[in-house]
Amino acid sequence: MKTILSLIIILIQLLFIIQVDTDEFRKQRERMVNLQIKARGVFDEAVLNAMRKVPRHFFVPKNRISEAYDDGPLPIGYGQTISQPFIVAYMTEVINPSKCKKVLEIGTGSGYHAAVLSQIIGSIFTIEIITELYKEAKDRLEKLGYKNIKLKNGDGYYGWKEYAPFDAIIVTAAAEYVPPPLIEQLKEGGKMVIPIGSPFSTQTLILVEKKNGKVYSKNLIPVRFVPFIRGK
Amino acid sequence: MKNKLNFIEVILFFISAIVISNQIALMQFFSYQQWYHFASVIISMALIGFGISGLIIKWLQKNIHTEFYRVIDWILIIAAFSFAISLLANQFIIGSFDSFLIFFDLSEAIKFFLTIINFTVTFTLLALVIGLSFSSYPQSIGRLYFWNLFGSALGGIVVVILLGILLPQQILVLNGLIISFLLLIRVFAFGFENLSKVLFLFITIIINLILLIKPIELSPSQFKSISRLKNLPDFKIEYQKTTSYGIVEKISSGLLRYSPGLSLNYTGKIPNVMAILVNGDIAGYALPSSSEVDTSFLRNSTLFLPYTLKEFRDVLILNPLCGIELNRALNGKIKNIYATELNPEIFNFLKQQFGRLKQPNLELFRTEPRNFIEKSKQRFDLIYHPVIEPVGLISGLYSIQEKFLLTKEAFQKIYERLNDNGYFSISCYLDNPPRTFLRVLNLLLSIKNENGEDLSSNQLIAINNWNVITFVLKKGIFSQDEISTIKNFCDSNQFDFLIRPNAIVTVPVFNSIFDNQTLELINSLLIKEEKVKKNYLFEISPPSDDKPYFSNFLKVTNLKSYLQQISLRTLTYSEVGYFLIWVSFCLILIIAFLLLSFGYIKARLTGRMKLEVLIYFALIGIAFMLIELSLIQKFILIFTTDIFSISFVISSLLISSGLGSLFTSKISNITFIRFLIFIVIFLYGLMLIIFSNFWVEILISFNSTIKFMLSLLLVFPLGIMMGMPFPLGIKIFSSKEVNAVPFAWAVNGSFSVIGSIGAVILLINFGFKLTFMFALILYLLCGLSFLFRKNH
């Protein structure tokens, strides 16, 4: 009986531990930054610090906490995933983040990318189409105290006209086309990062830039992402 | 006694029909929940059931036969009950496994294993009834065997019809109900000796009835299109209908739009569409039929390129994607549009949407595109293939699916159906590492002209936006005017003219999406440097009718470097279908091994005898399944869908091989005569291989009834001969040692199970001809083992 009781106590303690940011998680983040991100060529110190700060294990499902800092995407339910840490860092670096910028994110997902962006960018606007994910992300970001993130539950196709134009737009899920309103809401000289490729296959990260009224696209790196729900 | 025998005959007829119908309904069930019908796994489940039943009969032999009817009644009641229970267990206890997550979530692999066990229970119970009937009435084996075969054949046909009326999960419980009502009739006719049976029977009927009237909701994987669409806030299923071709659903949402290949400088609106799904996967999109809907956005896509080249008289659209590609064509200048659609529901929907069209003239054909191309003698000015793998399809999971429209033979036929100076247009999404569009390019480059020579480099061009590439192949040389038109189209939409006539690959200006290595790769393919294709990490050679697996890019020889590039976690995002078959193979192997070990331990035979039985029955077990699965692959091309092909091949092989077993008793005891059976199988099979292109082409060209009859004529001789080695082996081995029979049964069952999934692996890697040849060699080895025994 005593053994069972002590096992239950240990289990409760374990459950408590995984809900907080421990030294072990900090160490894992440091390892993640050094081995997965810096090693692949992301050197922007602000981005690296943001990746060191945001506790990724708060953004993954409880049964996947042990894999939170692994080098890959993880399923978060509803057929969606949280992106690979390197990809989050890479996309953030590509848009030249600064405190004076305004960024729109299409596809909040777990809220992790928005949390990373909020460390180094002034205002973040993020739209999630799946109501359940939106509610979970809103709740999570509020609890963690992220103040400069505005969330909306809706169709990413239309962007967020009230706050447009944006210095950058990050689309976190692969799409088969770029919604015209998003191009319109991108500032002249602004950057949009979007993964492409048919859903579930290996995808490529594309940088879309608006220059002198023309729109150019450029392949950045191959990437695997959550598929973009049509209409978003 | 006679009445009771009649009852057994009736039961045998229905049970045999239900075994087949259960298999095919389960295939449809998995097609909806997962990405694949898992035919080989389901056939294995049935075979495992038969194997286990054999062991049970052997184990309980004495007790069972003395109380035959009491035992049969109970088995039937439990079997009827198991249909409902296995469905409920799958839904609420085990839970639907997710093939997408199997590779990095052990619990999903366990669920998969439990699912196999769960559905095997029903097959085992049904097999027990068949096995018990045979072993209890050996004197009436001829009649019983007839009803067994007749039932199996009819089951395969009826289930295809039923799939057009009921959902697969309804068919499963209907099977339970049929058994229950048969028992009910028996209650009235003969009476049950105790009330508990009747009570249990009524409970079974009630549960099955409830599940028939209110079917359990299928729970597709969270990654399937239907599940992802369900997450949309205003998701609504407007319409759901089950057809023999799959479950058709029309989904509306104010958030659905479709526009592949759209220009980045397009600023207009993209209207909402309705998504049409078949078995939970998106089959296409439909714009509202209202004339107020502006469809001009469809012009601002790379896919519109062929329509800009000239005014067309006859245009064939190979897959109108439920209407959206007809809308695109209507933006061009065309006199006659022809389109193909196999699914009757989508076909009727298209007729409703576009039926009133006066100009241009639209003719819809209810057929599958490859079949249409083979049958039609008409020629076209443009043959249009929409973007490959419309949104919702997952290339990796489809890597084991046969695509007979994307093979060398299909592309050659398409070219032959073009008028002089006609065009063939095909588009695909760009992927990374580049695979899909390189394979399409290779397919186009595999086309030969009328003299059997390679096409001129002035006949192919390609343009791209940021994620789609559109190829246009001309049956003639591109003129300067055409090149100017293409240039203007590209400039106005900010597309890049990637491949120009004379095999010139240009560096894109607007969409810098290709690195130098990819551009060099495209160039080397255009100038046909075979070495480059061979050295490439992925298999990008054009698929053929022999190996029609367009989406399987895996080179087994490069597996190590492939796994290094694509980690185990990201495997789920790539060629997962191929690996899924290996997982199934491993799981089935464990079960087969357990069965075999049990049989081996229980067999009271000498070591030499065991070895001889093992070799003989293992060879015929594997060979039979290799031939069955190979034929299923080939007949998909003839019967247009996998379910039709599976149903036909299983039923026809069952009847013919059953007839073959009946003839066995009339075969002479002379060893050489027996050896001849194997020689005939080998030679007939060899003929099928050598003339496969010929008979396939002939069969495709006929209408359904003649096609069916001729296919039967083709399969029957082989099936009859293939039905002989098993009873022949039993006769020979049992004459020496009566205990050889159960062991032979276990060996044959276990190796058939291995053979059924092994066949899929062989087919993907080596194709139809080699797999079939391998099976024939196994039969030949069996025959030689006869001679060897004699000499020895």
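Residues numbered from 1 in each chain as written. Chains lettered and ligands numbered in written order. Predicted model: local features only at pLDDT ≥ 70, side-chain atom pairs only at ≥ 80, totals over all residues. Heavy atoms only, no water.

Enquirer: Sorry if this is basic, but what is going on with the overall build of chain A here?
Expert: The secondary structure content of chain A amounts to seven helices and 11 strands. Evaluated residue by residue, chain A yields a buried proportion of 60% over its 232 residues. Within chain A, residue pairs in contact and separated by at least 24 positions form 55% of the contacts whose partners lie at least 6 positions apart. In the structure as shown, chain A presents an accessible area of about 9200 Å², 57% of it carried by carbon and sulfur atoms. (Helix = DSSP H or I, 4+ residues; strand = E, 2+ residues; numbered from the N terminus. Buried < 20%, exposed > 50% of the residue type's maximum accessible area, 1.4 Å probe, protein only. Contact = heavy atoms within 4.5 Å. Areas by Shrake-Rupley, 256 points an atom, 1.4 Å probe, with all protein chains shown as cover.)

Enquirer: For this particular structure, what's the right way to read the overall build of chain B?
Expert: Assigned secondary structure in chain B consists of 27 helices and 14 strands. Structurally, chain B occupies a C-alpha span of about 85 × 60 × 50 Å along its principal axes. In chain B, once contacts between residues fewer than 6 apart in sequence are set aside, the share between residues at least 24 apart is 76%. A total accessible area of about 29100 Å² is found for chain B, and carbon and sulfur atoms account for 63% of it. Distance between charge centroids for chain B: 9 Å, based on 64 positive and 49 negative side chains. (Lys, Arg positive; Asp, Glu negative; His and termini not counted. Charge placed at Lys NZ, Arg CZ, Asp CG, Glu CD.)

Enquirer: Is there a simple way to explain the pairing of strand S4 (residues 281-286) of chain B in this structure?
Expert: All names here are of chain B. For S4, the tally of buried residues reaches five of six residues, placing the bulk of the element in the interior. The sheet contact formed by strand S3 (residues 274-278) and S4 spans five bridges and is antiparallel. In the sheet register, Ile-276 faces S4, and the bridge partner there is Gly-284. What sits between the antiparallel neighbours S3 and S4 is a turn of two residues, in which Asn-279 has the positive phi angle 50°. (Pairing = 2+ DSSP bridges.)

Enquirer: I would appreciate a short explanation of the packing of helix H22 (residues 642-664) of chain B against helix H25 (residues 704-722) of chain B in the present structure.
Expert: Packed helix pairs are characterised by how far apart their axes lie and by the angle those axes make with each other. Residue and element names in this part refer to chain B. Relative to each other, H22 and H25 sit at 45°, their axes nearing to 7 Å. Between H22 and H25, the angle falls in the class oblique. Crossing angle aside, the handedness with which H22 passes H25 is right-handed. In this structure, H22 uses Phe-648, Ser-652, Leu-653, Ile-655, Ser-656, Ser-657, Leu-659, Gly-660 and Phe-663 to contact H25, whose residues at the interface are Phe-708, Ser-711, Leu-712, Val-715, Phe-716, Gly-719, Ile-720 and Met-722. Tallied by class, the residues present in the contact of H22 with H25 amount to 11 nonpolar, six polar and no charged. (Axes fitted to C-alpha atoms, helices over the stretch in contact; angles between N-to-C directions. Parallel < 35°, antiparallel > 145°, perpendicular 65-115°, else oblique. Left-handed = near helix turned anticlockwise from the far one by under 90°. Nonpolar A, V, L, I, M, F, W, Y, C, P; charged D, E, K, R; others polar.)

Enquirer: What am I meant to see in the pattern of salt bridges here?
Expert: Where charged atoms from two side chains of opposite charge come close, those side chains can pair. All names here are of chain B. According to the stated counting rule, one finds 26 salt bridges over all chains in the structure shown. Here Lys-230 makes a salt bridge to Glu-217, at a shortest N to O gap of 3.7 Å. Taken as a pair, Lys-230 in helix H8 (residues 225-230) and Glu-217 in the loop between helix H7 (195-213) and H8 lie far apart in primary sequence, 13 residues in all. Given the relative accessible area of 33%, Lys-230 is considered partly exposed. We note a salt bridge from Lys-413 to Glu-374, for which the minimum N-O separation is 3.9 Å. Here the residue Lys-413 occupies a position in helix H13 (residues 408-416), and Glu-374 occupies one in helix H12 (residues 369-375), the gap between them amounting to 39 residues. Neither residue differs from the other here; Lys-413 and Glu-374 are each classed as buried. Three or more residues are tied together by salt bridges with common partners; here these are Arg-370, Glu-374, Lys-413, Asp-545 and Glu-697. (Salt bridge = Lys/Arg side-chain N within 4 Å of Asp/Glu carboxyl O.)

Enquirer: I would appreciate a short explanation of the pairing of strand S2 (residues 246-252) of chain B in the present structure.
Expert: Strand residues, when the strand is regular, have side chains that alternate between the two faces of the sheet. All names here are of chain B. Within S2, seven of the seven residues are buried, which leaves it mostly tucked inside the rest of the structure. Pairing geometry for strand S1 (residues 236-243) and S2, over seven bridges, is antiparallel. The residue bridging Ile-237 from the neighbouring strand is Ile-251, located in S2. Connecting S1 to the antiparallel partner S2 that follows it, the hairpin turn spans two residues. Pairing of S2 with S3 involves four bridges; the strand directions are antiparallel. Across the sheet, Ile-251 pairs through a bridge with Ala-275, a residue of S3.

Enquirer: Can you walk me through the confidence of the model for chain A in this structure?
Expert: As a general rule, the predicted coordinates of low-pLDDT regions are not to be interpreted in detail. For chain A, the mean per-residue pLDDT works out to 85, and 83% of the residues sit at or above 70. In this model, residues 224-232 of chain A is a region of pLDDT below 50 whose contacts with residues beyond four sequence positions or in other chains number 63 contacts. (pLDDT = per-residue confidence, 0-100.)

Enquirer: Honestly, the sheet that holds S1(B) in this entry has me stumped. Any pointers?
Expert: The strands that make up a sheet pair up through hydrogen bonds in the backbone, lying either parallel or antiparallel. Residue and element names in this part refer to chain B. Across the sheet, four strands lie side by side as S1-S2-S3-S4; this open sheet has antiparallel pairing. Bordering the open sheet on either side are S1 and S4, each of which pairs with just one other strand. Taking each pair of neighbouring strands and ignoring which way they run, the sheet shows an average axis angle of 20°. Contacting S1, S2, S3 and S4, helix H11 (residues 344-354) crosses the sheet at an angle of about 155° to S3.

Enquirer: Sorry if this is basic, but what is going on with helix H4 (residues 106-136) of chain B here?
Expert: Because each turn of an α-helix spans 3.6 residues, side chains separated by three or four positions in sequence point in the same direction. Along its 31 residues, H4(B) runs 44 Å from first to last C-alpha, staying within 8% of the 45 Å computed at 1.5 Å per residue. Along H4(B), the sharpest kink reaches roughly 25°, centred on B:Thr120. (Expected span 1.5 Å × (residues − 1). Bend = angle between axes of the 7 residues up to and from the residue.)

Enquirer: What is the right way to look at the packing of aromatic side chains in this model?
Expert: What characterises a pair of aromatic rings is the spacing of the ring centres plus the angle enclosed by the ring planes. For the structure on display, the rule yields 48 aromatic pairs over all chains. When the ring of A:Phe25 is compared with that of A:Tyr69, the centres are 6.2 Å apart and the planes differ by 45°; the resulting orientation is tilted. Here A:Phe25 is found in helix H2 (residues 23-37), whereas its partner A:Tyr69 is found in the loop between helix H3 (45-53) and strand S1 (74-77), with 44 residues between them in sequence. Residues A:Phe25 and A:Tyr69 agree in their burial class; the two are buried. Pairing B:Phe768 with B:Phe772 gives two aromatic rings, centres 5.3 Å apart and planes at 40°, and the pair type is tilted. With B:Phe768 and B:Phe772 both in helix H27 (residues 740-791) and four residues apart, this pair spans about one turn of that helix. Per residue, the accessibility class of B:Phe768 equals that of B:Phe772, and both read buried. Across the ring face of B:Tyr32, the terminal group of B:Lys224 is positioned such that the distance to the ring centre comes to 5.9 Å. In this structure, B:Lys634 is placed above the aromatic ring of B:Phe768, and the distance from its NZ or CZ to the ring centre is 4.9 Å. (Phe/Tyr/Trp six-rings, centres within 6.5 Å; stacked < 30°, edge-to-face > 60°. Lys NZ or Arg CZ within 6 Å of the ring centre and 35° of its normal.)

Enquirer: Before we go on, may I ask you to explain the confidence of the model for chain B in this structure?
Expert: Residues and elements named next belong to chain B. Summing up the model confidence of chain B, the mean pLDDT is 87 and the portion of residues at 70 or higher is 93%. Between residues 390-395, whose pLDDT stays under 50, and residues either more than four places distant or in other chains, the model counts 24 contacts. Model confidence for the complex is summarised by a pTM of 0.88, with the ipTM given as 0.81.

Enquirer: Would you mind going over the nonpolar core with me for this structure?
Expert: Burial of nonpolar side chains together is a common tendency in soluble globular proteins. Counting 281 residues, the largest nonpolar core has A:Met51 and B:Phe635 as its most contacted members. Membership of the second largest hydrophobic core comes to 69 residues, among which are A:Ile183, A:Val215, B:Ile447 and B:Ile469. (Core = buried A, V, L, I, M, F, W, Y, C linked by side-chain atoms within 4.5 Å.)

Enquirer: What is the right way to read the environment of B:Leu519 from this model?
Expert: On the secondary structure map, B:Leu519 appears in helix H16 (residues 516-526). Distance in space between the C-alpha atoms of B:Leu519 and B:Pro548 is 27 Å, their sequence separation being 29 residues.

Enquirer: Would you mind going over the sheet that holds strand S9 (residues 418-429) of chain B with me for this structure?
Expert: Residue and element names in this part refer to chain B. Spatially, S7-S6-S5-S8-S9-S11-S10-S12-S13 is the arrangement adopted by the nine strands of the open sheet, whose pairing is mixed. The two strands at the open ends of the sheet, each matched to only one other strand, are strand S7 (361-365) and strand S13 (504-505). With two bridges connecting them, strand S12 (residues 496-500) and S13 associate as antiparallel partners. Residue pairing in the sheet places Ile-499 in a bridge with Val-505 of S13.

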